[in-house]
Amino acid sequence: MSTHNLVLSLVLVLVTFGRISAQQSAMKILVMDLSGAVEYSAPGVKSGPAALATMVSSEGSLKLEEGSRVLLLANGKPFEISTKGKYKVKEVVDMTATAPGGFSFDGVFFRRLLSAFGIEENTDLAALPEAVANNGTGFSPRPDSRVASSAITFSWPAQDQASSYTFELYDKTLDSLVYSTTTTDPVLSLDFTELGLPEDQVYCYSTGERVCFTYTGANGVTGLIRLLETSSKTYQASAAFLQTLMRAVGYERAGFYYDADLLYAALLETQPNHEVVRKLQASIGR
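A brief look at the structure comes next.

### Comments concerning the overall build of the protein chain
Next, step 1: The helix and strand tally for the protein chain stands at nine helices and 15 strands.
Next, step 2: Contacts spanning at least 24 positions in sequence make up 57% of the contacts within the protein chain whose residues lie at least 6 apart.
Next, step 3: On the protein chain, roughly 15000 Å² of surface is accessible, and the fraction owed to carbon and sulfur atoms is 52%.

Structure below.
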């Protein structure tokens, strides 16, 4: 081999190695779900229990006891370990996986997780209607949001000294009152199907301040779920837990905050201290 070719080969090797090293160092590996005894250790990190909603290093190791499991999301791609043993993270996950980018839902979902976990600022807020992202504190459903569920629990900020609230529900297009009642608490549950209220209409509720939202019915999220099922590689490769989180984030991005909250709440019923779910629910709309 000539000196020229040897130098060129060495340059290519160094460039390739540099790219791989940069990719590995830049890879974000999140702990999404775990059960049982899972210990994490890494260079410069004291060994201890693996923690949900945190990052682990590709140079770290995970030790699982019998009956334990851990679900990792490496640059948006899911990897699960459920067999007793000690594993090097970089040998478990696909270190060639690139972070999902662009406008793909996998990219939106991964950035949403990073933001909720406090790892990176959410750069996708432009996708949210400004009124929904910034307003409506204390009101559910939120102003200018959408609701797919026909059973809706309304809530609003409590007022000091108030012994009762007059709740009124209006059809905005017709500007007509469709329901009215009095309640002693700042919360009220209604079933729009039982009330015979049509879908794809804007309704406003009021106990003093009028808040409007669009009731779409279940058909409002059918297309979104179909899109996830057919176009998201992460969704297709995931089990029920991660798929539920992805649906919830998908609902958020489409303005279905109420329905997203229902999904998070259902997961927390069985796992009340699940930090991933708690962080996502607490940061809905942000």
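That was the structure; now back to the text.
### Details of helix α9 (residues 275-282)
Next, step 1: Taken as a whole, α9 has its buried residues at Val276, Val277 and Leu280. Projected down its long axis, α9 shows its buried positions confined to an angular sector of 95°, all on one face.
Next, step 2: Where α9 is buried, its residues touch β1 (29-35), α3 (105-116), α7 (240-253) and α8 (257-270).

### Focus: the pattern of salt bridges
Next, step 1: Applying the stated criterion across every chain, the model contains nine salt bridges.
Next, step 2: A salt bridge links Glu59 to Lys90; the shortest N-O distance between them is 3.3 Å. Here Glu59 is found in the loop between β4 (55-56) and β5 (61-64), whereas its partner Lys90 is found in helix α2 (residues 89-92), with 31 residues between them in sequence.
Next, step 3: Of the residues examined, Glu59 reaches a relative accessible area of 42% and is grouped as partly exposed.

### So, the sheet that holds strand β14 (residues 201-206)
Next, step 1: Pairing is mixed across the open sheet formed by five strands, whose spatial order is β9-β15-β14-β11-β12. Two strands in the sheet have a free side with no partner beyond their single neighbour: β9 (146-147) and β12 (176-183).
Next, step 2: Direction of pairing for β9 relative to strand β15 (residues 210-215): parallel, over a ladder of two bridges. The residue bridging Arg146 from the neighbouring strand is Thr214, located in β15.

### A few points about the state of the cysteines
Next, step 1: All chains considered together, the criterion is met by one disulfide.
Next, step 2: With its sulfur 2.0 Å from that of its partner, Cys204 forms a disulfide with Cys212. Disulfide Cys204 to Cys212: torsion about the S-S bond roughly 95°, handedness right-handed.
Next, step 3: Given the relative accessible area of 0%, Cys204 is considered buried.

### Quick look at the packing of aromatic side chains
Next, step 1: The tally for this structure, following the rule as stated, stands at 14 aromatic pairs.
Next, step 2: Relative to Tyr205, the ring of Phe167 has its centre 6.1 Å away and its plane inclined at 20°; by these criteria the two rings are stacked. Placement of Phe167 in strand β11 (residues 165-171) and of Tyr205 in strand β14 is noted, with a sequence separation of 38 residues between them. Each member of the pair Phe167 and Tyr205 is classed as buried.
Next, step 3: Taken together, the ring pairs in this structure connect Phe154, Trp156, Tyr165, Phe167, Phe192, Tyr203, Tyr205, Phe213 and Tyr215 into an aromatic cluster.
Next, step 4: Above the ring of Tyr257, the side-chain terminus of Arg142 is found at 5.0 Å from the ring centroid.
Next, step 5: Lying over the aromatic face of Tyr170, Arg210 brings its terminal NZ or CZ to 4.0 Å of the ring centre.

### Quick notes on unusual backbone geometry
Next, step 1: For the peptide bond that leads from Ser140 to Pro141, omega is -5°, which places it in the cis range.
Next, step 2: Among the structural elements, Pro141 can be located in the loop between α4 (130-134) and β9.
Next, step 3: If you check the backbone angles, Asp144 has positive phi at about 60° while not being a glycine.
Next, step 4: Along the polypeptide, Asp144 turns up in the loop between α4 and β9.
Next, step 5: Despite not being glycine, Asp175 shows a phi value in the positive range, around 50°.
Next, step 6: Topologically, Asp175 is positioned in the loop between β11 and β12.
Next, step 7: Given a relative accessible area of 55%, Asp175 falls into the exposed group.

### Comments concerning the pairing of β1
Next, step 1: Burial analysis of β1 places six of its seven residues in the buried class, the great majority of the element.
Next, step 2: Inspection of the sheet shows β1 paired to β4 by two bridges, in the antiparallel sense. Bridge pairing in β4 links Leu30 to Met55.
Next, step 3: Sheet topology note: the β1/strand β6 (residues 69-74) ladder contains six bridges and is antiparallel. In the sheet register, Asp33 faces β6, and the bridge partner there is Leu71.

What counts, and where the lines are drawn
Residues numbered from 1 in each chain as written. Predicted model: local features only at pLDDT ≥ 70, side-chain atom pairs only at ≥ 80, totals over all residues. Heavy atoms only, no water. Helix = DSSP H or I, 4+ residues; strand = E, 2+ residues; numbered from the N terminus. Contact = heavy atoms within 4.5 Å. Areas by Shrake-Rupley, 256 points an atom, 1.4 Å probe, with all protein chains shown as cover. Buried < 20%, exposed > 50% of the residue type's maximum accessible area, 1.4 Å probe, protein only. Arc of directions from axis to C-beta. Salt bridge = Lys/Arg side-chain N within 4 Å of Asp/Glu carboxyl O. Pairing = 2+ DSSP bridges. Disulfide = S-S within 2.5 Å. Phe/Tyr/Trp six-rings, centres within 6.5 Å; stacked < 30°, edge-to-face > 60°. Lys NZ or Arg CZ within 6 Å of the ring centre and 35° of its normal.

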